[in-house]
Structure formats: C-alpha cells, structure tokens
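If you want the building blocks of each chain, they are given just below.
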Amino acid sequence: MAERAARHCCLGWDFSTQQVKVVAVDAELSVFYEDSVHFDRDLVEFGTQGGVHVHKDGLTVTSPVLMWVQQHGSVYWKTGASQVLTSLSPDLPLREQLQACFSISNCPVWMDSSTAAQCRQLEAAVGGAQALSLLTGSRAYERFTGNQIAKIYQQNPEAYSHTERISLVSSFAASLFLGSYSPVDYSDGSGMNLLQIQDKVWSQACLGACAPRLEEKLGRPVPSCSIVGAISSYFVQRYGFPPECKVVAFTGDNPASLAGMRLEEGDIAVSLGTSDTLFLWLQEPTPALEGHIFCNPVDPQHYMALLCFKNGSLMREKIRDESASGSWSKFSKALQSTGMGNSGNLGFYFDVMEITPEIIGRHRFTAENHEVSAFPQDVEIRALIEGQFMAKKIHAEALGYRVMPKTKILATGGASHNRDILQVLADVFGAPVYVIDTANSACVGSAYRAFHGLAAGTDMPFAEIVKLAPNPRLVATPTPGASQVYEALLQRYAMLEQRVLSQTRGPPE
Ligand SMILES: Nc1ncnc2c1ncn2[C@@H]1O[C@H](COP(=O)(O)OP(=O)(O)O)[C@@H](O)[C@H]1O
Ligand SMILES: O=C(CO)[C@@H](O)[C@H](O)COP(=O)(O)O
C-alpha cells in the first residue's frame, strides 16, 4: 500500500457514452490499474439505456448531467455555481453538493440530431457550409456544441441567461478535479463549430450566430497540453490525492485515442466504441463538407481528420441479439462460416439517423441489387460488418486517405476485442490491423498526455514522452484474394449508398 501510494503516476480518464473509465500509468508507461463505472448497470437510478435517454422525437438524445456523459455534450453551470465548486466540503459527495449548480439538467450528447434548424442558421450566417468548414474544420453538425447552445438559447432563453459558464464534458470533468472552471482545449474545442482551427480563437461570427454573450460563458481556449491548475483540496482531503498533483487540460475521446495509439502519419485509427470513428494525423488542414478537421492534441502545429459513425456498437449489439441469440461467440461463428464478399449480399444498418452519411433505416440488397426485407442470420451478420467497414473505407477515401504499403490500421474500443470483426476490417481495407494492450486507448492517451503536459515547459515532443510505451500488436492480416473481392463490392456499396441516400432525401428540388 505504502509502495502504491509513493508510485509516481498519471491518471487518464474517459467520460464516454456508456461509462466512465480510468487507468493509472506509471513513469515506465505501464498501465497498472484500470476501472470503470457503467451507467446502465452501476447507476440504475438514472434509467439510461446505452448511457443515454432517447426522446420521443427520435432525434433528441440527452444524458442526466449529474450522472455524466460524453464529449460534444455540453454542461450549463448556473449563476453562482463557481462559488459552490470552489468551496466543496470533503465530507459530502459531489452529487449532493452540485445538484443545484446546473441550469440544464438533461444535457444534449453527441448522439443528438435535433438541431438541424440551428445548423442551417449558422451556415447561412457565415456564408455557407464550405465557408464554415474552412473556418471551424467542419460544416455545421447537429451534435456540435455551438448548434446545441443555439437551440438551448432559442428554446429556453431563461435557462441560458442564468448560465454563467458552458463547459464541454471534457472541461467539465477537469473542472471537478480543479475545483474551478477549466478552459476548453483546442482539440475538443474543434468539435463545436465555434473555434477557428488555424488561429485557435473563437470565431466572432459563429459566436454571434449562436447566442448572445457566449464568449464570456465559454472562457478562453487553451493548448491541449496546458496544465490548467492543481488538484482541488476536495480530492486531496476526501480521496487522498497528493496536494502537488496537477491537472492537464482534458480533451475529447478521439484526440485522446490518437495520443494513446501513438498514431503515425499514413496510419489510420479505427475506434469501435459506442460510436465508430476513424481518425488520421494531418500536417495541413483540408476541411471538406464531410468529416471534421480538429487541432492535433499532441502537436500544436498539426491537425487530425475525424469521421464519426453513430451506428456502431449499439447496432452490432442489436443484430447480435436478433441473429446470434445475444452471443458474441455465435456472432463470430457467423463471420467465420460466411465467405468474404457475402456472395454479393450487402446491407445498410442505421437504426438511428447516421452521421456519415445521413441515412436512417435498414436496407438489404442481393447480388443483383434487388432490395429485400431480410437475410438469413449468418448473411445478416456478415452484411452488417462488411457494410460498416466498406462505409468507413469509402468515406476515408473521400477525405483523401489512401491505403499505402506501410499502412497500419490501429483498432481500439470495445469491439476491438473481437478478432473476427478485426479480420473483416483487415480484408476490407487490405491492410494489417494492430491493437494496443488495452482497448481503452482514450484513457491511456489521456495519461500519456498528462505526462506530456507535465513536461511541456521543456519543449519535449510527444513522441519522446511515449517512446517507452509498448508497441501495438498485430492481430489480423488481409486474407489472400481479399482485395479482388472488395474492389468490386466497394464500388457497388458506394453506388447503393447513393441510391439509398436519394431515396431518403427524396428527389432534388
Ligand atoms: N467481443 C465483443 N465483440 C464485439 N463488440 C464488443 C465485444 N465486447 C464489447 N463489445 C462492444 O463494446 C461496446 C463498448 O465499447 P467501449 O469502447 O467500451 O464504449 P464507450 O467508450 O463508448 O463506452 C459495447 O457496446 C459492446 O457492443
Ligand atoms: O461524437 C463523437 C466524435 O465526434 C464520438 O466519438 C463520441 O465522442 C462518442 O464516443 P464513444 O462513447 O463511442 O467513445
């Protein structure tokens, strides 16, 4: 116990959709402790499913602020909350003391798609979608915080006017550890449609289009490796944190995963968590109408590209329950018993409105491109997984990404435990798939970033900080013949995606 107490370490936290996770990493970069609190299972009193509440309109998705949630969520601190935060009593739990501190108790999270009107208003205010993308790295996205704030301001102006501070989930969590408001970091701040990603300042045009007096409620953004302060006396007295412990700015889960996986140029990271996300390291920003460009969390001169797919693990779980009696091992057997290319059968599975592309519903096609309403169970499972990965390859290529001979795919997130799923990933992309020792790359990356933040004054590059970290492990290589099978199938998938998209949107006006 005494030895554990003396161990110099950094904690990495991941406030994700379904749970809060933590890892402790020592000075040799070994992970020596992991834990989590699962919202549905461990905090049943909040009544969440998959960590969230989906409202009747099917578009609004929130989480109780007192439980807590996920990045691109936003927290609305009520006037006077700062006072409470700085004078917390170590004898009482946070939940009890903070319950009156929020002007909004059910906060929009990243799955929310209810702000289409605010998105159109923001794009119009800055000269269109492309102009907004050039400025902030993304066209207007429903889940991004600027649009969420605009909706709160329009629908609940009283709550907005009683808000003294708006945090992202990342800066909110850091604020709890600090005992005062933490600034937003550049990288998570890039997911708001409010930050000018090249100049790293709030865009006055975007702030003005979303809500009045917003700049003062957001505070100034800071570099991701900034030390934002010392741990609050609440955590020292109640939980025994050493008083000299520092808090490094918190960031989003994907920027943190980029750090955790030590991504190199040319590699692609695939996170298979609640959401499926792809991300790449970029030297130069190349904003487009699809996907996002974020400030890089470990190198202030560089950027990262990100694509987010909403129908990830929860969709896989549904098909597992319907077609594999709720068992991942039966799900895997179905992948093993069906061949690459699924005899030409191909499917789209979007039970909730997808982000990339904006499609909802299930659509299944035979080898002759006839739409059918069902597939046999094994075919259904392969169609889901092949479809999910084909979509990722097609949309990554639309962002300019190309698989090269030295490309590594780095997989993380809950579904990266499943080798059969990763085999399909290797086959569809035609590249080897690697994993790091823990699927919790966002947590590990947060701890690595903390070491980087502590050394930041020394100008030490991130790569130098993490050079002792274990190398990723090879788990799947492409099956011979895979590229021939998927070359043709990818073209059909792209063509059918366009067909489904035009059916969903209706004919052009
Ligand atoms: N063996 C498995 N095969 C496929 N998916 C899995 C497996 N084990 C866990 N998962 C998926 O991992 C998901 C959780 O991933 P995780 O990265 O922990 O999510 P988050 O960080 O968003 O809370 C679960 O919803 C589950 O569907
Ligand atoms: O919205 C995004 C990325 O833009 C998602 O990546 C969310 O951040 C969800 O993360 P997980 O809970 O799936 O880790």
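Reading the values: rules and limits
Residues numbered from 1 in each chain as written. Chains lettered and ligands numbered in written order. Predicted model: local features only at pLDDT ≥ 70, side-chain atom pairs only at ≥ 80, totals over all residues. Heavy atoms only, no water. Helix = DSSP H or I, 4+ residues; strand = E, 2+ residues; numbered from the N terminus. Buried < 20%, exposed > 50% of the residue type's maximum accessible area, 1.4 Å probe, protein only. Lys, Arg positive; Asp, Glu negative; His and termini not counted. Salt bridge = Lys/Arg side-chain N within 4 Å of Asp/Glu carboxyl O. Contact = heavy atoms within 4.5 Å. Domains from an automatic or database assignment. Buried area = accessible area lost by both parts, 1.4 Å probe. Polar contact = N/O pair within 3.5 Å; in protein donor to acceptor, adjacent residues only side chain to side chain. Nonpolar A, V, L, I, M, F, W, Y, C, P; charged D, E, K, R; others polar. Near = heavy atom within 4 Å. Areas by Shrake-Rupley, 256 points an atom, 1.4 Å probe, with all protein chains shown as cover. Pairing = 2+ DSSP bridges. Axes fitted to C-alpha atoms, helices over the stretch in contact; angles between N-to-C directions.

Participant: Would you take a moment to explain the side chain of Arg-449 for this structure?
Facilitator: Locating Arg-449 in the fold gives a position in helix α19 (residues 441-454). Although Arg-449 lies buried, it forms no salt bridge, and the closest oppositely charged side chain, Asp-185, sits 5.0 Å away as judged by the N-O distance. Beyond its immediate sequence surroundings of up to four residues, Arg-449 is in contact with Ser-224, Val-248, Ala-249, Phe-250, Thr-251, Ala-256, Ala-259, Pro-297, Val-298 and Phe-462.

Participant: What's the story with the domain arrangement of the protein in this structure? I'm lost.
Facilitator: The extent of an interface is frequently quoted as the accessible surface area lost upon association of the parts. According to the domain assignment, the protein consists of domain 1 (54-251) and domain 2 (262-509). Inter-centroid distance (C-alpha atoms) of domain 1 to domain 2 is 28 Å. In this complex, domain 1 contributes 32 residues to the contact, which on the side of domain 2 involves 29 residues. Surface buried jointly by domain 1 and domain 2 totals about 2500 Å² across both partners, of which 59% is contributed by carbon and sulfur atoms. Taken together, the connections running from domain 1 to domain 2 amount to one salt bridge. The closest approach of N and O atoms between Arg-139 and Glu-358, which form a salt bridge, is 3.7 Å. Here domain 1 is connected to domain 2 by twelve residue pairs in polar contact (both at pLDDT 80 or more). For the side of domain 1 that touches domain 2, the secondary-structure elements that each account for two or more residues are α6 (129-136), α10 (186-189) and β12 (246-248). In the side of domain 1 that touches domain 2, the residues fall into 14 nonpolar, 13 polar and five charged.

Participant: I would appreciate a short explanation of the site of ligand 1 in the present structure.
Facilitator: Residues in contact with ligand 1 amount to 14 residues; listed here are only the nearest, Ser-16, Gln-19, Lys-21, Thr-274 and Glu-317. The side chain of Glu-317 places a nitrogen or oxygen atom 2.4 Å from an oxygen atom of ligand 1. Bound to the protein, ligand 1 loses 81% of the 580 Å² it would expose on its own. Of all the secondary structure elements, the ones that give two or more residues to the shell around ligand 1 are β2 (19-26) and α15 (313-323). Of the residues contributing to the shell around ligand 1, the split by class is three nonpolar, nine polar and two charged.

Participant: Please clarify how the sheet that holds β2 should be interpreted in this entry.
Facilitator: The strands making up a sheet associate through hydrogen bonds between their backbones, and the pairing can be parallel or antiparallel. Across the sheet, which stays open at both edges, the three strands sit in the order β1-β2-β3 with antiparallel pairing between neighbours. Edge strands, defined here as strands with exactly one partner in the open sheet, are β1 (9-15) and β3 (31-38). Taken pair by pair, the neighbouring strands of this sheet meet at an average axis angle of 15°, ignoring direction. Taken together, the seven bridges between β1 and β2 define a ladder with antiparallel strand orientation. Counted as the bridge partner of Gly-12 is Val-23 from β2. This element, α19, spans β1, β2 and β3 of the sheet and lies at about 135° to β1.

Participant: When you look at helix α18 (residues 419-429) in this model, what are you seeing that I'm missing?
Facilitator: Given 3.6 residues per helical turn, the α-helix brings residues three or four places apart onto the same face. Burial runs high along α18: eight of the eleven residues are buried. Those residues of α18 lying buried are Ile-421, Leu-422, Val-424, Leu-425, Ala-426, Asp-427, Val-428 and Phe-429. For α18, the N-terminal capping position is held by Asn-418, with its side-chain oxygen 3.0 Å away from the main-chain nitrogen of Asp-420. Following α18 by one or two positions, Gly-430 adopts a phi angle in the positive range, close to 65°.

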